[in-house]
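Structural overview
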Amino acid sequence: MTDQARTDRGLDRLVNFSDATVAIAITLLILPLVDIASELTSGESAGDLLQAHWPSIVEFGITFWLISRFWILHHQVFEHVRSYNARVMQLNFVWLLSIVFLPFAANLLNSGQNDDRIAHAVYLGTMVVTSLALTGIELVLRRNPELLATPLGDSARGLIAASLLAAALILSVVFPRIGLLWALLLLLQGPVARVLHRV
């Protein structure tokens, strides 16, 4: 594949394929909870089942939020794009690979112990890859402004997200009991960006 600009139809196919892949990945997240619901036995209430499996429900909610957040960021970047090249396509497939892998990584958390360092490292490491892949796409687009219809926004946003996720990865290995909740460090992305902007 050469590095020349592509057609509008090709860009639409790239974006639509990415959207469909994310939709499938985010839907797969519910399957472990469907299996849990089928474990309800006679004499056991739904409340008992939910109480026994609340960590899985929390992990589902957080992972759903994270994938939706990644999709929103991807959407915001591609709203500025009028064409693409081979590098954008390659990095987009790395981004999609990490998104598709997230339901598996989330299921590792559901299947393992609460303080399983490896499961948390795989989960948060996958999100670091997701964030870096999108940051790489932005970098390629900035270096090839002919691919953009309008200028991209803040260039630090992606690096801030990747840094916060890398910090969450390290903290989850050092303090595994808190585990997945370290991913909520992403909520600091906006405040950190505002502080850096002032500086």
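Throughout what follows, the structure given in this document is the object of discussion. Fair warning: this is a prediction, and the values are worked out from it, not measured in the lab. Residue indices follow the written sequence of each chain, beginning from 1 at its first position. Reporting in this predicted model follows two pLDDT cut-offs: at least 70 for local features of residues, and 80 or more for side-chain atom pairs to be given and counted; totals over whole chains, interfaces and linings ignore these cut-offs and use all residues. Heavy atoms from the whole structure form the basis of all side-chain values; hydrogens and water molecules are not counted.

**Focus: the overall build of the protein chain**
A run of DSSP states H or I qualifies as a helix once it reaches four residues; a run of E qualifies as a strand once it reaches two. Both are numbered from the N-terminal end. The helix and strand tally for the protein chain stands at 8 helices and 0 strands. In the protein chain, the succession of α and β elements from N to C terminus is α-α-α-α-α-α-α-α. Over its C-alpha atoms, taken along the principal directions, the protein chain stretches across nearly 65 × 40 × 25 Å. Buried means the residue's accessible area, taken with a 1.4 Å probe over protein chains only, is under 20% of the maximum for its type, while exposed means over 50%, and partly exposed covers the values in between. Within the protein chain, the proportion of its 199 residues that are buried is 40%. Contact definition: two residues touch when any of their heavy atoms are within 4.5 Å. In the protein chain, the share of contacts with a sequence separation of at least 24, taken over all contacts with a separation of at least 6, comes to 79%. Charge centroids of the protein chain, computed over 13 positive and 15 negative side chains, lie 12 Å from each other. Only four residue types enter the charge count: Lys and Arg as positive, Asp and Glu as negative, with His and the chain ends excluded. The atoms used to mark charge sites are NZ of Lys, CZ of Arg, CG of Asp and CD of Glu.

**Points about the packing of aromatic side chains**
The geometry of two aromatic rings is summed up by the distance between their centres and the angle between their planes. Pairing of aromatic rings covers Phe, Tyr and Trp, the last through its six-membered ring, and needs centres within 6.5 Å; plane angles under 30 degrees mean stacked, over 60 mean edge-to-face, and all others mean tilted. Tallied over the full model, the rule gives 4 aromatic pairs. Look at Phe 175 and Trp 182: their rings are 6.4 Å apart centre to centre, the planes differ by 40 degrees, and that puts the pair in the tilted class. Judged by relative accessible area, Trp 182 falls into the buried class, the value being 16%.

**Focus: the nonpolar core**
Buried Ala, Val, Leu, Ile, Met, Phe, Trp, Tyr and Cys residues form a nonpolar core when they are joined through side-chain atoms within 4.5 Å. One finds Leu 66, Phe 78, Val 88, Trp 95, Tyr 123, Met 127 and Leu 141 to be the most contacted residues of the largest nonpolar core, which totals 45 residues. Where this core is concerned, the elements lending two or more residues are helix H1 (8–28), helix H4 (54–78), helix H5 (86–111), helix H6 (117–143) and helix H7 (156–174). Looking at this core, the element that brings in the most residues is H6, giving 10 residues. The contact partners of Leu 141, leaving out residues within four places of it in the chain, are Val 77, Val 81, Val 88, Leu 147, Leu 148 and Leu 152.

**What about the environment of Phe 93?**
Note that Phe 93 resides in helix H5. Note: C-alpha distance between Phe 93 and Gly 153 (60 residues apart in sequence) is 22 Å.

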